[in-house]
Amino acid sequence: MIIEGKEKKWEIVCGLEIHCQIISESKIFSGASTRFGADANENVSFVDAGMPGMLPTLNRYCVHQAVKTGLGLRAKINKFSEFSRKNYFYADMPTGYQITQFQYPIVGEGVVTVDLEDGSSKDIRIERMHIEQDAGKSIHDIDSRKTFIDLNRAGVGLMEIVTKPDFRSPEEAGAFLKKLRSILRYLGTCDGNMDEGSMRCDVNVSVRPAGSDELRTRCEMKNVNSVKFVMQAIENEARRHVEVYENGGTVEQETRQFDPISGQTKVMRKKEFAHDYRYFPEPDLPPLVLTDEYIKQVADELPELPDAKKARFVEKLGLTKYDAMVICENKEVADFFEKAAAGHDAKKVANWLMGDFFAMLKRKNLTIDESPVSAENLGALVELIEKNVISGKIAKDVFEIMSETGDAPEKIVEEKGLKQVTDTGAIEAVVDKVIAENPDKVSAYKGGKTGLMGWFVGQVIKESKGKANPQIVNRLLAEKLN
Amino acid sequence: MAIDRQTVNRVAFLARLKIDDDKIEATEEEFNKILNWVEQLNEVNTDEVEPLSAVNDLPLICREDNVTEGSQADKILANAPMAEYGYFVVPKVVE
């Protein structure tokens, strides 16, 4: 995206930092539950509460989840990593420091390929990913003079993914977040729900004259909590920078807050008040050392990821790139599609899935797991059309009944007598009847109004209650009228 | 490395310590003494030495992913100066 300034053209330089809550039963350094929605402070151990003398013990599974994620980001797994203390005071972090990774993160450089609207794709480089503990939750709106603190979230494992400043437009950042969420869900390492805060995004933005490779002062916007807001924040912040520069000003390095209502950003913290975190190696935890065998073992567990699945659907099943992309974004949809397409025309199944089927789910406000139409039945419906048992038009009616009753299409077709008539004799009788009843139309046709052919076909199909095979109807009418 | 008054105030702020004005000079001196003493380490040649992140060469012991603690909000809140409805309560925090 190029921003047209008064004097020149500008381009956006943007990088993201994404905090992703690790899916695990217990917290990263304690045995308290990670379950969301418990009563206040019920999922808290003495470690999480920062009681004196308590020691953190690393959750093996959180490491496993992080390595799996790193591999999913096609990233280097660091066999040596260490934990550090990041020191700051805040009421929802009782120890006064966060255990995180600083100099030696568990995951190094990687890459995520994003799919853009115009059908092209772009590689976004990952700078690093480290693991750390989440803070508790501060609730400011119960009392005007008090803040309430719930430590249930304190100590839940987080993966912080940092990208290189590779985004040149809000669209690229939006596509990246969608792709990252899709990868994490396929891996089962984070549920990726931005609105529930299990995936949170910090956005860094600067601008530069289009075509140059300089890096100017950037501003950071913390905790922007939806894909749409991230895209809005990038665009509006970039436009603000252009305006500042073109009016002869300089952009200050600062932390800004995105206001979802106005879409604008405002100053939260200037650089001179920036935190001084005084990182140092965590004395309570020795370094984390992984072996090649361990990394290989995790790699062997990786599921087929969206890019690989997409490529396979295009090459082996003949889907278009776009259809494959839409279907593969969500693992449940991809699994459903594969089940439905097994043994049938995959392209036609994809059309039904993305058309009538998705429309039905949306109308009924259901997820794909709750669909009354099973994958097998959707495949069977397509098969009935392919085998000329029913016409495409009747199939839409059958689908409506399927989405009400959940019945198999064969059963519905049988019970309602919807089978397509392919018996030439039976259709011929209807054709003859229509011709006999409409002598005026016949003479008009013969007089040159050949456009009436469509009307005849329609009459015959209607007379047969939609069951006459249209190809046969066409052929017979042509024979008799010409 | 010389410590000045401004640095003393900065470190005190970060550590949330209140140092009375008439104690600052003395603290400044103490700071410098400690740092000078530690600076002796610079006399050792460490060109070939890897940075040390843990003093004890112990393996990292991990736990399994099981829930073993919780459901003890009363104990967690027992020493809280202020608690209401199961929450810790602090003076309004607005950044």
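Residues numbered from 1 in each chain as written. Chains lettered and ligands numbered in written order. Predicted model: local features only at pLDDT ≥ 70, side-chain atom pairs only at ≥ 80, totals over all residues. Heavy atoms only, no water.

Overview of the nonpolar core
Residue and element names in this part refer to chain A.
Phase 1 of the analysis: Judged by nonpolar contacts, the single largest core of 108 residues is most densely connected at Leu-16, Phe-176, Leu-177, Val-203, Val-230, Phe-337 and Phe-357.
Phase 2 of the analysis: Here this core gets nine residues from one element, more than from any other, and that element is helix 2 (residues 170-187).
Phase 3 of the analysis: When neighbours within four sequence positions are excluded, Phe-176 is seen to be in contact with Leu-16, Ile-18, Val-112, Val-114, Ile-124, Ile-126, Thr-163 and Phe-167.
Phase 4 of the analysis: By size, the runner-up hydrophobic cluster in this structure holds 19 residues, among which are Met-453, Ile-461, Ala-468 and Leu-481. (Core = buried A, V, L, I, M, F, W, Y, C linked by side-chain atoms within 4.5 Å. Buried < 20%, exposed > 50% of the residue type's maximum accessible area, 1.4 Å probe, protein only. Helix = DSSP H or I, 4+ residues; strand = E, 2+ residues; numbered from the N terminus. Contact = heavy atoms within 4.5 Å.)

Quick notes on the interface of chain A and chain B
Phase 1 of the analysis: Taken together, the 51 residues of chain A in the interface contact 37 residues of chain B.
Phase 2 of the analysis: Note on chain A versus chain B: buried area summed over both sides is about 3800 Å², and carbon and sulfur give 58% of it.
Phase 3 of the analysis: Taken together, chain A and chain B are joined by three salt bridges.
Phase 4 of the analysis: Here Lys-146 of chain A and Glu-84 of chain B are joined by a salt bridge, their closest N and O atoms 2.9 Å apart.
Phase 5 of the analysis: Here chain A is connected to chain B by 24 residue pairs in polar contact (both at pLDDT 80 or more).
Phase 6 of the analysis: Of all the secondary-structure elements, those providing two or more residues to the side of chain A that touches chain B are strand 3 (58-59), helix 1 (60-72), strand 10 (146-150) and strand 15 (265-270) of chain A.
Phase 7 of the analysis: For the side of chain A that touches chain B, the leading source of residues is strand 10 of chain A, giving five residues.
Phase 8 of the analysis: Grouping the amino acids of the side of chain A that touches chain B by side-chain chemistry returns 26 nonpolar, 13 polar and twelve charged.
Phase 9 of the analysis: As paired elements, strand 10 of chain A and strand 3 (residues 87-91) of chain B share four bridges and run antiparallel to each other. The residue bridging Phe-148 of chain A from the neighbouring strand is Val-89 of chain B, located in strand 3 of chain B. (Buried area = accessible area lost by both parts, 1.4 Å probe. Salt bridge = Lys/Arg side-chain N within 4 Å of Asp/Glu carboxyl O. Polar contact = N/O pair within 3.5 Å; in protein donor to acceptor, adjacent residues only side chain to side chain. Nonpolar A, V, L, I, M, F, W, Y, C, P; charged D, E, K, R; others polar. Pairing = 2+ DSSP bridges.)

Details of helix 1 of chain A
Residues and elements named next belong to chain A.
Phase 1 of the analysis: Over its 13 residues, helix 1 extends 19 Å from the first C-alpha to the last, a length consistent with the 18 Å expected when each residue adds 1.5 Å.
Phase 2 of the analysis: With eleven of its 13 residues buried, helix 1 lies for the most part within the structure.
Phase 3 of the analysis: When we look at burial in helix 1, the residues that qualify are Cys-62, Val-63, His-64, Gln-65, Ala-66, Val-67, Lys-68, Thr-69, Gly-70, Leu-71 and Gly-72.
Phase 4 of the analysis: Contacts from the buried residues of helix 1 go to strand 3, strand 8 (121-133), strand 11 (157-163), helix 2, strand 17 (288-289) and helix 4 (292-300). (Expected span 1.5 Å × (residues − 1).)

A look at the packing of helix 12 (residues 424-437) of chain A against helix 15 (residues 470-481) of chain A
Residues and elements named next belong to chain A.
Phase 1 of the analysis: For the pair helix 12 and helix 15, interaxial distance at closest approach is 10 Å and the crossing angle is 50°. On the basis of the axis angle, helix 12 is oblique to helix 15. Helix 12 and helix 15 meet at a crossing whose hand is right-handed. Of helix 15, the residues touching helix 12 (which contributes Thr-424, Ile-427, Glu-428, Val-431, Asp-432 and Ile-435) are Ile-472, Val-473, Arg-475, Leu-476, Leu-477, Lys-480 and Leu-481. (Axes fitted to C-alpha atoms, helices over the stretch in contact; angles between N-to-C directions. Parallel < 35°, antiparallel > 145°, perpendicular 65-115°, else oblique. Left-handed = near helix turned anticlockwise from the far one by under 90°.)

Here's the deal with the side chain of Asp-65 of chain B
Phase 1 of the analysis: In this fold, Asp-65 of chain B is placed in the loop between strand 1 (62-63) and helix 3 (73-76).
Phase 2 of the analysis: A distance of 2.9 Å separates polar atoms of two side chains, one belonging to Asp-65 of chain B and the other to Asn-59 of chain A.
Phase 3 of the analysis: Those residues in contact with Asp-65 of chain B that sit more than four places away from it in its chain are Ser-24, Glu-25, Ser-26, Asn-59 and Tyr-61 of chain A.

Re the sheet that holds strand 16 (residues 280-281) of chain A
Residue and element names in this part refer to chain A.
Phase 1 of the analysis: Taken in spatial order, the three strands line up as 6-5-16 in an open sheet, and their pairing is antiparallel. In this open sheet, the two strands that pair with only one neighbour each are strand 6 (97-100) and strand 16.
Phase 2 of the analysis: Alignment of strand 5 (residues 84-87) against strand 16, held across two bridges, turns out to be antiparallel. Opposite Ser-84, over in strand 16, you have Pro-281 as the bridge partner.

Topic: the sheet that holds strand 2 (residues 83-84) of chain B
Phase 1 of the analysis: Strands sit in the order 9(A)-10(A)-3(B)-2(B) across an open sheet of four strands; the sheet is antiparallel. Each edge of the open sheet is held by one strand with a lone partner, namely strand 9 (137-139) of chain A together with strand 2 of chain B.
Phase 2 of the analysis: Examined bridge by bridge, strand 2 of chain B and strand 3 of chain B share two bridges and lie antiparallel to one another. Note on strand 3 of chain B: the bridge partner recorded for Ala-83 of chain B is Phe-88 of chain B.

So, the pairing of strand 5 of chain A
Residues and elements named next belong to chain A.
Phase 1 of the analysis: The two faces of strand 5 match: Ser-84 and Lys-86 on one face and Arg-85 and Asn-87 on the other face are all buried.
Phase 2 of the analysis: Of the strand pairs in this sheet, strand 5 and strand 6 are connected by four bridges, and their pairing is antiparallel. Counterpart to Asn-87 in the pairing with strand 6 is Tyr-97.

Some words on a nonpolar patch on the surface
Phase 1 of the analysis: Taken together, the side chains of Ile-34, Trp-37, Val-38 and Leu-41 of chain B present a nonpolar region at the surface, about 460 Å² in accessible area.
Phase 2 of the analysis: Of the residues examined, Trp-37 of chain B reaches a relative accessible area of 62% and is grouped as exposed. (Patch = residues over 30% accessible without salt bridge, like charges linked within 9 Å, V, L, I, M, F, W, Y side chains within 5 Å. Areas by Shrake-Rupley, 256 points an atom, 1.4 Å probe, with all protein chains shown as cover.)

Structural notes on the layout of surface pockets
Residues and elements named next belong to chain A.
Phase 1 of the analysis: Estimates place the volume of the second largest pocket at around 690 Å³.
Phase 2 of the analysis: Asp-115, Leu-116, Glu-117, Ala-175 and Met-325 are the residues nearest the centre of the second largest pocket, which is lined by 27 residues in total.
Phase 3 of the analysis: Secondary structure elements with two or more residues in the lining of the second largest pocket: strand 7 (110-115), helix 2, helix 3 (227-246), helix 5 (306-317) and helix 6 (321-328).
Phase 4 of the analysis: No fewer than three residues from each of domain 1 (2-297) and domain 2 (304-416) sit in the lining of the second largest pocket. (1 Å grid on protein atoms, 1.4 Å probe; cavity = no way out; pocket = protein on both sides within 12 Å on 5 of 7 lines; lining within 4 Å. Points joined across faces, edges and corners; volume = space filled by probe spheres on them. Domains from an automatic or database assignment.)

Quick notes on the environment of Tyr-88 of chain A
Residues and elements named next belong to chain A.
Phase 1 of the analysis: For Tyr-88, the position within the fold is in the loop between strand 5 and strand 6.
Phase 2 of the analysis: C-alpha separation for the pair Tyr-88 and Leu-71, spaced 17 residues apart in sequence, amounts to 32 Å.
Phase 3 of the analysis: Residue contacts for Tyr-88: discarding those within four places in its chain leaves Met-93, Gly-96, Tyr-97, Gln-98 and Tyr-277.

Some remarks on the pattern of salt bridges
Residue and element names in this part refer to chain A.
Phase 1 of the analysis: Under the definition given, this model contains 47 salt bridges over all chains.
Phase 2 of the analysis: Note that Arg-85 is salt-bridged to Asp-284, the shortest N-O span being 3.2 Å. Separated by 199 residues along the polypeptide, Arg-85 in strand 5 and Asp-284 in the loop between strand 16 and strand 17 bring together distant segments of the chain.
Phase 3 of the analysis: Look at Asp-284 and you get partly exposed, because its relative accessible area is 29%.
Phase 4 of the analysis: Salt-bridge contacts for Glu-220 lead to Lys-222; the nearest nitrogen and oxygen are separated by 3.5 Å.
Phase 5 of the analysis: Relative accessible area serves as the criterion here: at 15%, Glu-220 is assigned to the buried category.
Phase 6 of the analysis: Salt bridges sharing common partners tie together Asp-115, Lys-179, Asp-307 and Lys-310.

Let's talk about the domain arrangement of chain A
Residues and elements named next belong to chain A.
Phase 1 of the analysis: Parsing chain A into structural domains produces domain 1 (2-297), domain 2 (304-416) and domain 3 (424-481).
Phase 2 of the analysis: Taking both sides of the interface into account, the surface hidden between domain 1 and domain 2 amounts to around 890 Å²; carbon and sulfur atoms contribute 58%.
Phase 3 of the analysis: Counting across the interface, domain 1 meets domain 2 through two salt bridges.
Phase 4 of the analysis: Between Lys-310 and Asp-115 there is a salt bridge, with its nearest N and O atoms 2.7 Å apart.
Phase 5 of the analysis: Counting across the domain 1 and domain 2 interface gives four residue pairs in polar contact (both at pLDDT 80 or more).
Phase 6 of the analysis: Those elements that provide at least two residues to the side of domain 1 that touches domain 2 are strand 7 and helix 2.
Phase 7 of the analysis: Per-element tally for the side of domain 1 that touches domain 2: the top contributor is helix 2, with six residues.

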